[in-house]
Amino acid sequence: MSSVVDYLGPLSAGIGNTLLITFGAFGIGAAIGIPIALARSARWRPLRMLGVAYVELLRGIPPIAWLFIAFYGLAQLGIRVESMPAAVGGLGAISGAYMAEIYRAGLRAVPHGQFEAGRAVGLTESGLYRHVIVPQAIVTVFPPAMTYVIGLLKDSAIASVIGAQEITALALGEQQQSFAGLPIFLAAGIIYMAIGLPLGGISRWVDVRLTRRLADA
Amino acid sequence: MEVQGLGKAFGPHRALEDVSLSVAAGEVVGIIGPSGSGKSTLLRCINHLEQPTSGRVLIDGVPIADPGGREPSAKELAALRRKVGMVFQSFNLFPHLTAVENVMLAQVKALGRPKQEARARALELLERVGIADKADSRPRRCSGGQQQRIAIARALALDPRVMLFDEPTSALDPELGLEVLGVMRELASDGMTMIVVTHEMHFAEEVADRIVFMADGRIVEEGPPRQVMRAPRHERTRRFLRAVLDR
Ligand SMILES: Nc1ncnc2c1ncn2[C@@H]1O[C@H](COP(=O)(O)OP(=O)(O)OP(=O)(O)O)[C@@H](O)[C@H]1O
Ligand SMILES: [Mg+2]
């Protein structure tokens, strides 16, 4: 029977795709989260409802179901999507819903007086957000966003169900060949942690600096 | 600067009703009145942080906007606000920027001044309000009185035509308040046009050219400080002044 160490090599071949899914989906989510957050707090009711519907729908259905829908559903409509783009796009769409809520919480954490002060000195709305609001909101946004990325790293494993060749899919493949479940999945676990732990460390480091920048001179 | 028939309703509640006020260049107008009488709302309507429901505001004879007509565009609003400096009760400095950056930001981003020039001007203003030594500190490292003086410098940096002060000292210990009042006194004697909402009756009487007393969203009476404060014509004013001076 092979040991855990023997599987580290073969499974590492999936790291690239795991990272691609994680950061690709996060990138999409971070980008589309902005218009969704704006829609969520828009003054025009239909737009607001649309934002609410998006967030609730994407968060209310398990990611694994969304990936099946993205992959097989689209295929049924005659739209062929490869498993990697489907995984990145599907998890990206879900991330958009979560990021929108994180952004909203960040904006709400900035005191109303900051908006007033920025407007009172004649900044335009875009200038206000760029130079006054976002630099403050980011302190609130960053920690949950990083927690979300690390969660996404683990959730990327479900992309295996639609055939994306990431770490978990390779582990499942190995398992079917050798029937040695435990060492294979222990090896997979070690690889996930090897990516996740430094990510957590970096995020705490950045968080401390962001907070310090806002707190004092 | 002129305010004509300004009205503001929050739903059914009328916070301001038909307020007209004209302020000459270099004049200092003190606004006093009980809590909830609409003093803050008036200041916030003047620079359109709050959109007035009726009436209009003119600066140098140019109307800012015609309510009832269209809302001013974002560009027009930003342009207007550069002519009107505002100082808040709670300072509202930008916490992520140092004192000098606070004073520079709008010069660079709103007026388009070159950074070097904006910095020089910011340092000059911080010097003028007596806190040049705090230029590179963030607001949290400054006392309340220092923060409010930075806020005054920030507003002055745009070379506004008129400065609005909304209870600038009421969040401060009396001693720190004095620093701020000192700066305002100097501004007034330098000829700055100012509208000051305040509960500091002595300051109002000493510095203001005219006192406006407001109650229930209206101007009840106005006149020279001595007259309004020592010999008010209206019972409502008398009642308010008794309550304040008895304390
Ligand atoms: N955004 C708002 N929404 C609803 N009502 C408001 C709003 N802002 C002010 N009001 C109401 O308008 C009235 C006038 O308020 P304003 O803050 O102008 O009074 P003020 O004279 O500044 O009082 P204070 O001395 O307590 O600061 C109050 O009754 C207040 O409750
Ligand atoms: Mg007030």
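Rules and cut-offs
- Think of each chain on its own: its residues are numbered from 1, step by step along the sequence as written.
- Written order determines the labels here, with chains lettered from A and ligands numbered from 1.
- Side-chain atom pairs in this predicted model are given and counted only at pLDDT of 80 or more, local residue features only at pLDDT of at least 70, and totals for whole chains, interfaces and linings cover all residues.
- The side-chain figures draw on all heavy atoms in the structure; neither hydrogens nor water molecules are used.
- The numbering of helices and of strands both runs from the N terminus, where a helix is a DSSP run of H or I of at least 4 residues and a strand a run of E of at least 2.
- Residue burial is assigned from relative accessible area. The probe radius is 1.4 Å, only protein chains are included, and a residue is buried under 20% of its type maximum, exposed over 50%, and partly exposed in between.
- Note on contacts: a residue pair is in contact if any heavy atoms of the two residues lie within 4.5 Å.
- In this count, Lys and Arg are taken as positive residues and Asp and Glu as negative ones, while His and the chain termini are left out.
- Note on charges: their place is set at NZ of Lys, CZ of Arg, CG of Asp or CD of Glu.
- Paired strands, as defined in this entry, are two strands with at least two bridges between them according to DSSP.
- Fitting a line to C-alpha atoms yields each axis, with helices limited to the stretch in contact; the angle taken between N-to-C directions then spans 0 to 180 degrees.

Our focus in this paragraph is the overall build of chain A. On a plain count of helices and strands, chain A comes out with nine helices and zero strands. Overall size of chain A, expressed as C-alpha extent along the three principal axes, is 70 × 50 × 20 Å. With 217 residues in all, chain A has 45% of them scored as buried. Counted over contacts in chain A with a minimum sequence separation of 6, partners at least 24 positions apart contribute 77%. Between the mean site of the 15 positive side-chain charges and the mean site of the 11 negative ones, chain A shows a separation of 11 Å.

What follows deals with unusual backbone geometry. Residues and elements named next belong to chain B. Despite not being glycine, Asn92 shows a phi value in the positive range, around 55°. By the secondary structure assignment, Asn92 is in the loop between strand E6 (84-87) and helix H3 (99-109). Given the relative accessible area of 11%, Asn92 is considered buried. Although it is not a glycine, Glu167 adopts a positive phi angle of roughly 45°. Residue placement: Glu167 occurs in the loop between strand E7 (162-166) and helix H6 (174-189). Owing to a relative accessible area of 12%, Glu167 belongs among the buried residues under this scheme.

All names here are of chain B. Ordered in space as E6-E7-E8-E3-E9-E10, the six strands form an open sheet in which the pairing is mixed. The two strands at the open ends of the sheet, each matched to only one other strand, are E6 and strand E10 (218-223). Across the sheet, the mean angle separating the axes of adjacent strands is 20° when strand polarity is ignored. Inspection of the sheet shows strand E3 (residues 28-32) paired to strand E8 (residues 194-197) by four bridges, in the parallel sense. Bridge pairing links Val28 to Met194 in E8. On top of the sheet, helix H1 (residues 39-46) reaches E3, E6, E7, E8 and strand E9 (210-215); it is set at about 150° to E7, its chief contact. Along the sheet, helix H2 (residues 74-83) contacts E6 and E7; its crossing angle with E6, the most-contacted strand, is approximately 70°.

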